[in-house]
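Observations on chain architecture
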Amino acid sequence: PTAGFPHPKRRSGRPGSTSAVARSRGFTMIEALASVALLLVGIVAALGAIGQMTRAEAHLQESERMRRLADRKVAELIGTGDYQYITEGDFTDLGDDRYQFSVTIEPTGVEGLEVVTVLVTRVNRRNDPGYDASQLVYIPPETGGEGAAG
């Protein structure tokens, strides 16, 4: 040590005073609490984002399920011709009672061509936009039972 200057790692002789080196050795209680508070804010934000991503994933999976059900049902109804007779139903035959469907048939303006739409919605949910699948169906004109004269 130089004359007149205390050793940097020792306290000065005066009670209650410390050197700059001694004060920088640790964190104060306020600094530690502020660090913990910032850490907690970060953790809460991360958990909120994870929760939101989980809800979005569940919504996406449910939308995909409704899309597959609608596509399957429109293909089934057109394949069997039942779209002309069935206007609504559910999916209990597939073991899924969470969804229901309705069938609409609309003309296209072209003779013999119709649009069959199956709308799948959640059971007991209001304002559910659901998912719809549509397909064109050609219905050939009926011919008379007689053959061409010749």
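My aim in this report is to walk through the structure given alongside it, one point at a time. (Residues numbered from 1 in each chain as written. Predicted model: local features only at pLDDT ≥ 70, side-chain atom pairs only at ≥ 80, totals over all residues. Heavy atoms only, no water.)

1. Description of the packing of aromatic side chains
All told, the structure shown has 1 aromatic pair when counted by the stated rule. An angle of 55° between the planes, with centres 5.4 Å apart, marks the rings of Phe-91 and Phe-101 as tilted. Residue Phe-91 is located in strand β1 (residues 88-91), and its partner Phe-101 is located in strand β2 (residues 96-107); the two are separated by 10 residues in the primary sequence. Given a relative accessible area of 1%, Phe-91 falls into the buried group. (Phe/Tyr/Trp six-rings, centres within 6.5 Å; stacked < 30°, edge-to-face > 60°. Helix = DSSP H or I, 4+ residues; strand = E, 2+ residues; numbered from the N terminus. Buried < 20%, exposed > 50% of the residue type's maximum accessible area, 1.4 Å probe, protein only.)

2. Regarding a nonpolar patch on the surface
The grouping of Val-36, Leu-39, Leu-40, Ile-43, Leu-47 and Ile-50 at the surface amounts to a nonpolar patch, some 570 Å² of accessible area in total. Inspection of the secondary structure puts Leu-47 in helix α2 (residues 29-80). For Leu-47, a relative accessible area of 56% puts it in the exposed group. (Patch = residues over 30% accessible without salt bridge, like charges linked within 9 Å, V, L, I, M, F, W, Y side chains within 5 Å. Areas by Shrake-Rupley, 256 points an atom, 1.4 Å probe, with all protein chains shown as cover. Salt bridge = Lys/Arg side-chain N within 4 Å of Asp/Glu carboxyl O.)

3. What to know about the pattern of salt bridges
One side chain can pair with another of opposite charge once the charged atoms of both are near each other. In the structure shown here, the tally under the stated rule is 7 salt bridges. One salt bridge in this structure joins Arg-65 and Asp-96, with 3.0 Å as the shortest N-O distance. On the criterion of sequence distance, the pair formed by Arg-65 in helix α2 and Asp-96 in strand β2 is long-range, its members being 31 residues apart. Because the salt bridges share partners, they merge into one network encompassing Glu-64, Arg-67, Arg-68 and Asp-71.

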